[in-house]
Amino acid sequence: MNVGLLYSRIRKDEKLLLSELRERDHDVEKIDVRKQQFNISEAPEAFDDLDIVVDRCLSTSRSVYATKFAKAYDVPVVNGPDVAEVCADKVKNSLALVEAGVPTPDTDVAFTKDAALASIEDFGYPCVLKPVVGSWGRLMAKIDSRDAAEAILEHKETLGHYEHKIFYVQEFVDKPGRDIRVLAVDGEPVAAMVRSSDHWLTNAAKGAETDSFELDDRALELVEKASDAVGGGLLGIDLMEVGVSRSDTRESSGEQSDPRDYEFEDYTVHEVNHTVEFKALNEVSDVDVPAKVVDWLESKAQSGSGPETPV
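The residue numbers shown here count from 1 along each chain, following its written sequence. With the structure being a predicted model, the display of local features is reserved for residues of pLDDT at least 70 and the display and counting of side-chain atom pairs for 80 or more, all residues being used for whole-chain, interface and lining totals. Hydrogen atoms and water are omitted, and side-chain values are computed over all heavy atoms in the structure.

Per an unreviewed UniProt entry, the chain carries the name Lysine biosynthesis protein LysX and comes from Haloarcula saliterrae. UniProt positions are given in the numbering used here, feature names are shortened, and annotations may be inferred rather than shown by experiment. The annotation that UniProt attaches to the chain under Cofactor (unreviewed entry) is "Mg(2+)".

Written out as structure tokens, the structure reads:
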């Protein structure tokens, strides 16, 4: 198998993937998108004889455009540009999940500071303000008061990039100090982990502690539906437990409660990621994550198809 790897930096995730590919004697063409030129009618030499292209770009814009060119060159690409565009934009992500009947946090989108403030007041405090494009928990704000809301909105409107003037306001989900990351291929889970933190943000990039997690039937159902909603592929699907009740008494005494002592009613899917990182998952899981990913890439290359375009 000849594999093209679109990248702008080789991180541990990419090293794990490259190592597994080379152990199986696959040929790998590393394509640094910072140095590559993409012609609109003629494929660059780097794309010659590739069976599949894997997008591992850090930059969202580079990811979307580079995969558009790979698709134009008739090379199967994971994940494709249609999937990337849905996953990279939180508005499109939320709309796709709702359309597919996947539970996701209630969200308003507003285009002015005053309209956004009205949404925030309607949600009540706390609520969450997110950038429409972003990752690793950056530039997200938990808003606890009107004063904080007014200050943050004014800063975003005055100093932010134009995308920050699209105000994505979301209900605050009272999760049990953790969320769940699932790595899935076309809706089939490879492995899952919980990310726990005392902070309201539980991203691994923010220093959350990670541990393996066993998915129940409801979680399996939502992973498959969320994957289908955005078009399938190699995805990171993030869930939170909702309707939480605390079954122990430690919290009332001021002690930290253990999430394992919580009961919950359901999950909500708050995000689907298209260039998912898996190094932390590989460290806590009994599953050989890179091996499972390469198994799936081999099957995709043999079938000559990338992820499906969402309907």
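(A) Structural view of the packing of aromatic side chains. Two rings from Phe, Tyr or Trp (for Trp, the six-membered ring) form a pair when their centres are within 6.5 Å of each other. A pair whose planes differ by under 30 degrees is stacked, one over 60 is edge-to-face, and the rest are tilted. Applying the stated criterion to the full structure yields 4 aromatic pairs. Considering the side-chain rings of Phe38 and Phe47, the 6.1 Å spacing of their centres and the 65° angle between planes classify their relative orientation as edge-to-face. Taken together, a centroid distance of 5.2 Å and an interplanar angle of 70° make the contact between Phe47 and Tyr73 edge-to-face. Of this pair, Phe47 sits in the loop between strand E2 (27-32) and strand E3 (52-55) while Tyr73 sits in the loop between helix H2 (60-72) and strand E4 (77-78), placing them 26 residues apart in sequence. Throughout this description, buried means an accessible area under 20% of the type-specific maximum (1.4 Å probe, protein chains only), exposed means over 50%, and partly exposed covers the range between. Given the relative accessible area of 4%, Phe47 is considered buried. Three or more aromatic residues joined by ring pairs make a cluster, and in this case those are Phe38, Phe47, Phe69 and Tyr73. Segments assigned H or I by DSSP are reported as helices when at least four residues long, segments assigned E as strands when at least two residues long, and all are numbered from the N terminus.

(B) Main features of the pattern of salt bridges. A carboxyl oxygen of Asp or Glu within 4 Å of a side-chain nitrogen of Lys or Arg is what we treat as a salt bridge. Under the definition given, this model contains 22 salt bridges. Arg195 is paired through a salt bridge with Asp179; the nearest N and O atoms lie 2.8 Å apart. Taken together, the residues Arg195 in strand E10 (residues 188-196) and Asp179 in strand E9 (residues 178-185) connect sequence positions 16 residues apart. Here Lys300 and Asp186 are joined by a salt bridge, their closest N and O atoms 2.9 Å apart. Of this pair, Lys300 sits in helix H9 (residues 289-303) while Asp186 sits in the loop between E9 and E10; the two residues are 114 residues apart in sequence, bridging distant segments of the chain.

(C) Broad picture of the sheet that holds strand E8 (residues 167-171). Here, a strand pair is defined by DSSP locating no fewer than two bridges between the strands. With respect to topology, 4 strands assemble into an open sheet ordered E5-E8-E6-E7, the strand pairing being antiparallel. Looking at the sheet topology across the chains shown, the edges are occupied by strand E5 (107-110) and strand E7 (141-143). Direction aside, the axes of adjacent strands within the sheet are offset by 25° on average. Pairing analysis gives 4 bridges linking E5 to E8, with the strands arranged antiparallel. When the bridges of E8 are listed, Val109 appears paired with Tyr168. Packing against the sheet, helix H4 (residues 90-99) makes contact with E5, strand E6 (127-130) and E8, and its axis sits at approximately 45° to E8. A fitted line through C-alpha atoms represents every axis, and for helices the fit uses only the stretch in contact; the resulting angles, taken between N-to-C directions, go from 0 to 180 degrees. By definition, residues are in contact when any of their heavy atoms lie within 4.5 Å.

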